[in-house]
Amino acid sequence: MTEHDSEVASADPYSWLEGIHDETALEWVRDQTQRTESELYDDSFHATAERIKTVLDAQDRIPMVTKRGDHYYNFWRDSAHRLGLWRRTTWNSYLSDDPQWEILLDLDLHAQLEGHEWHFAGSALLRPAAGGAYQRALLRLSPDGGDQVRIREFDLASKSFVAGGFDLPVAKTQASWIDHDTLLVGSASSEQFTTRSTYANTLRRLSRGMEIEEAPILFQVDREHVAAFGYFDSTPGFERVVTTDAIDFYNSTAGVLIDGEHHLIDVPTDVQVSLHRQWVLFAPQTNWEHQGQKIAAGSLAIARLDRFLESGSIEKVLFVPDAHTALESLSFTANYLLLTVLCDVASQVRIIDLADHFSQSDMPLKDPMLSVSVGAVDDEDPEHGDDYWMTITGFITPTTLLRGTVGSAAKVVKKSPDRFDAGGFEVTQHFASSADGTRVPYFQVAASDLVHDGKNPVLMDGYGGFQHSMTPGYAAAMGTGWLSRRTVEGRKPVYVMANIRGGGEYGPDWHRAALREKRHRAYEDFAAIAQDLVARRVTSRAHLAATGRSNGGLLMGNMISGYPHLFGAISCGVPLLDMQRYTQLAAGHSWIAEYGDPQVPGDWDFLRTFSPVHRLTDQPHPANDYPASLIWTTTSDDRVGPSQARIMAAKMMDLGIANVRYHEPQGGGHAGSTDNESTAKMLATSYEFLWRQVR
């Protein structure tokens, strides 16, 4: 902590709440959490939580899978397996109505045997020799649902952890296989090799039996940067270490280590770089002029890696956005590149033929109110290398999983049943005019016979940051916990998804329009949608609720402190709220590129204008003007940290704002939950609080 930081902390009457496990702070947390639960956790709450848990535990959910070799891997949780099962099956079995799963690891049983609960956070399989079967995996295990993980070596044949095998201690760690006895590891296991953003600043070649800090360093970045990221690409014929020096959240340099020599991919730091076999892709975040060619922000260009390293030559610009379109995602099959594009937040899929001069065609889609995503099944499969998964989902349309081969129609593999009664609902898209005249889209899920008299309970949902796009999707828990409710008069509630600036719905320009000193535009957009809903007489302030988490929690904090007159109730989850101290807490330093640096005087000038903790007193409103506010987090959130939520709630209470409630369970990390039961409880707490205020 610097002298400036110490002065800020000592001058802050709420700094005592920053001690995450400080007993005085935890006593306050327990008291406030108990108060909230004693008011909310009645028969109605428990019924809601049970309905949501039933949906989450449903046995007929689609088990999404990842193909490795001849098997399809899945992680599954239900009422009988709270911590979950890591399992696999064959394709023919997966196609059946009752697949036969081979259980690789039962985490509940493992917890009983070991006397400690671990939460599954992913796996990485070691590529076998040609024609061989997969034998080993690295499993990521979280002790509390947070970002820190333990990584252990697992034997797929014996279905057990390898005695004396790789076992990396709990930390923010990334690891990939180089070969049977060697890993590429980046671990923030010691302060010496940890960035200010709490991530690893080295990549190391870790041999079996070696301690992490004994392993030779292959790549290292400045500790003021966000992190050293990387992985070993084991694709036959393209073996290499791929490195990323994440300077900040939107600027980085990429390179490849081949035969011990590091080759920098020389592009501007705001050009996103990705590699696949012989190809390198470039996605500039601002306009880029390269060798006399102008490549617009949001475009996608492709080059052959060897040629680019030699001469900088680019093969072709594959996608150029316009005022309505943005690139959402991409995936390589054996011979094609599949692009998912948003057009006014509606999905399109474009097929690029890599062997035919990058010729393009469109995959026919039907309903613009549905989201479609595509991804390769296994581009290395000699028979099915051009197969792709397609998922189709919508607010009131259950998810369908299809599989197809490029050039032929996809066929339904699995279809999720209805989880709530969506009869009589319709999905529509609307546009609000923000304070500067920008048209901002939003989706509305409402009764087809909605009465426009301002009396409908509405839940708005928003995020508006980090170029994250909010798109339609079947949220069974939301449908169960919100849309399934009815007022005393029998009215159906309304759900609204806001596509505000700061997100990626219209590409990097839409995101950059709300960066740093322009952050207020995201909040003006959200407020404009709220006002549009009232102007259209969909609802009124007394019946309007809003929710958001993380950066969306910062959005909610600014609605509470800057636009309290618009809302009847707000749920503010795992939030950033103190923008003067956020860079000193958890992983906050990594987000300076998004928000600004409060230690820079010019930055603090604008940061203060969207720091909810400060806005409460900088721009005070009468205490009875504020919406009913539920502020919640988890003690184990090691990404944002719990102290910001604590401080906001405590300050609001001290200001005499009556209807403020605080909730902080211990486990769950930044996700807010570790299993289906805690997820159901977390969601029901939010829905129940909001419904009671605006119904």
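In case you missed it, the structure is sitting above this.
None of these values were measured; they are calculated from a predicted model. Numbers given to residues run from 1 along each chain, matching the order in which its sequence is written. For this predicted model, a pLDDT threshold of at least 70 governs which residues receive local features, and a threshold of 80 or more governs which side-chain atom pairs are given and counted, while totals over whole chains, interfaces and linings are taken from all residues. The side-chain quantities take in all heavy atoms of the structure and omit both hydrogens and water.

Asker: Give a detailed account of the sheet that holds strand β17 (residues 261-265), specifying residues and quantitative values.
Answerer: Any two strands with at least two DSSP-identified bridges between them are counted as paired. Secondary structure follows DSSP: runs of H or I at least 4 residues long count as helices, runs of E at least 2 residues long count as strands, and numbering of each begins at the N terminus. With antiparallel pairing, four strands are arranged side by side in an open sheet as β14-β15-β16-β17. Looking at strand neighbours, the two that pair on one side only are β14 (227-233) and β17, the edges of this open sheet. Each neighbouring strand pair of the sheet contributes to a mean axis angle of 25 degrees, computed without reference to strand direction. Inspection of the sheet shows β14 paired to strand β15 (residues 240-246) by seven bridges, in the antiparallel sense. A fitted line through C-alpha atoms serves as each axis, taken over the contacting stretch for helices, and the angle formed by two N-to-C directions is quoted from 0 to 180°.

Asker: Explain the pattern of salt bridges residue by residue, including any values.
Answerer: Each salt bridge in this description consists of a side-chain nitrogen of Lys or Arg and a carboxyl oxygen of Asp or Glu lying within 4 Å of one another. Per the counting criterion, the structure on display carries 40 salt bridges. Among the ionic pairs, Arg581 bridges to Glu18, the shortest N-O distance being 2.7 Å. Here Arg581 is found in the loop between β37 (569-573) and α11 (592-595), whereas its partner Glu18 is found in the loop between α1 (3-11) and α2 (23-40), with 563 residues between them in sequence. Taken individually, Arg581 and Glu18 each receive the classification buried, so the pair is uniform in this respect. For the salt bridge of Lys159 with Glu102, the shortest nitrogen-to-oxygen distance reads 3.2 Å. Here the residue Lys159 occupies a position in the loop between β7 (149-155) and β8 (160-161), and Glu102 occupies one in strand β4 (residues 102-106), the gap between them amounting to 57 residues. Only protein chains enter the accessibility calculation, which uses a 1.4 Å probe. A residue is then buried if its area is under 20% of the maximum for its type, exposed if over 50%, and partly exposed in between. Given a relative accessible area of 36%, Lys159 falls into the partly exposed group. Each of the salt bridges in this network shares a partner with another, and the network as a whole consists of Arg136, Glu153, Asp155, Asp181 and Arg208.

Asker: Which residues make up the layout of surface pockets, and what are the values?
Answerer: Cavities and pockets are found on a 1 Å grid laid over the protein atoms alone: a cavity is a set of points where a 1.4 Å probe fits but cannot escape, a pocket is an open set with protein on both sides within 12 Å along at least five of seven lines, and a lining residue has an atom within 4 Å of such a point. Grid points are joined across faces, edges and corners, and a volume is the space filled by probe spheres set on the points. As a volume, the second largest pocket reaches approximately 1300 Å³. If you trace the second largest pocket, you find 41 residues lining it, with Leu56, Ala475, Ala477, Arg549 and Leu683 closest to the centre. Counting only elements with at least two residues in the lining of the second largest pocket, the list comes to α3 (43-57), β2 (71-78), β34 (458-461), α7 (476-483), β36 (544-549) and α15 (676-694). For the lining of the second largest pocket, the leading source of residues is α15, giving seven residues. Charged residues are taken to be Asp, Glu, Lys and Arg, nonpolar residues to be Ala, Val, Leu, Ile, Met, Phe, Trp, Tyr, Cys and Pro, and polar residues to be all remaining types, Gly included. Tallied by class, the residues present in the lining of the second largest pocket amount to 23 nonpolar, 13 polar and five charged.

Asker: Could you give me a rundown of the nonpolar core, with the residues and numbers involved?
Answerer: Membership of the largest hydrophobic core comes to 117 residues, with the highest contact counts inside it found for Met460, Phe526, Ile529, Phe567 and Tyr595. Excluding residues within four positions of it along the chain, Tyr595 makes contact with Phe466, Arg516, Arg519, Asn551, Leu554, Leu576, Met579, Tyr582, Phe606, Leu607 and Phe610. In this text, buried Ala, Val, Leu, Ile, Met, Phe, Trp, Tyr and Cys residues form a nonpolar core when linked through side-chain atoms within 4.5 Å. Contact definition: two residues touch when any of their heavy atoms are within 4.5 Å.

Asker: Got a sec to walk through the pairing of strand β24 (residues 325-332)? Specific residues and values, please.
Answerer: In terms of strand pairing, β24 meets strand β25 (residues 336-343) through seven bridges, oriented antiparallel. Within β25, the residue paired with Leu330 across the bridge is Leu339. Joining the antiparallel neighbours β24 and β25 is a turn of three residues.

Asker: Can you tell me about the packing of aromatic side chains, naming the residues and giving the values?
Answerer: Only Phe, Tyr and Trp rings are paired, with Trp represented by its six-membered ring, and only when their centres lie within 6.5 Å; those with planes under 30 degrees apart are stacked, over 60 edge-to-face, the remainder tilted. On inspection of all chains with the given rule, the structure shows 29 aromatic pairs. Judged by centre distance (5.6 Å) and plane angle (90 degrees), the ring pair of Tyr582 and Tyr595 falls under edge-to-face. Placement of the pair is Tyr582 in the loop between β37 and α11 and Tyr595 in helix α11, with a sequence separation of 13 residues. Judged by its relative accessible area of 0%, Tyr582 falls in the buried class. Taken together through their ring pairs, the aromatic side chains of Tyr73, Phe75, Trp86, Phe120, Phe154 and Phe161 make up a single cluster. Here, a charge over a ring is recorded when the distance from Lys NZ or Arg CZ to the ring centre is within 6 Å and its angle to the ring normal is within 35 degrees. The ring of Trp389 carries Arg403 above its face, with NZ or CZ at 5.5 Å from the centroid.

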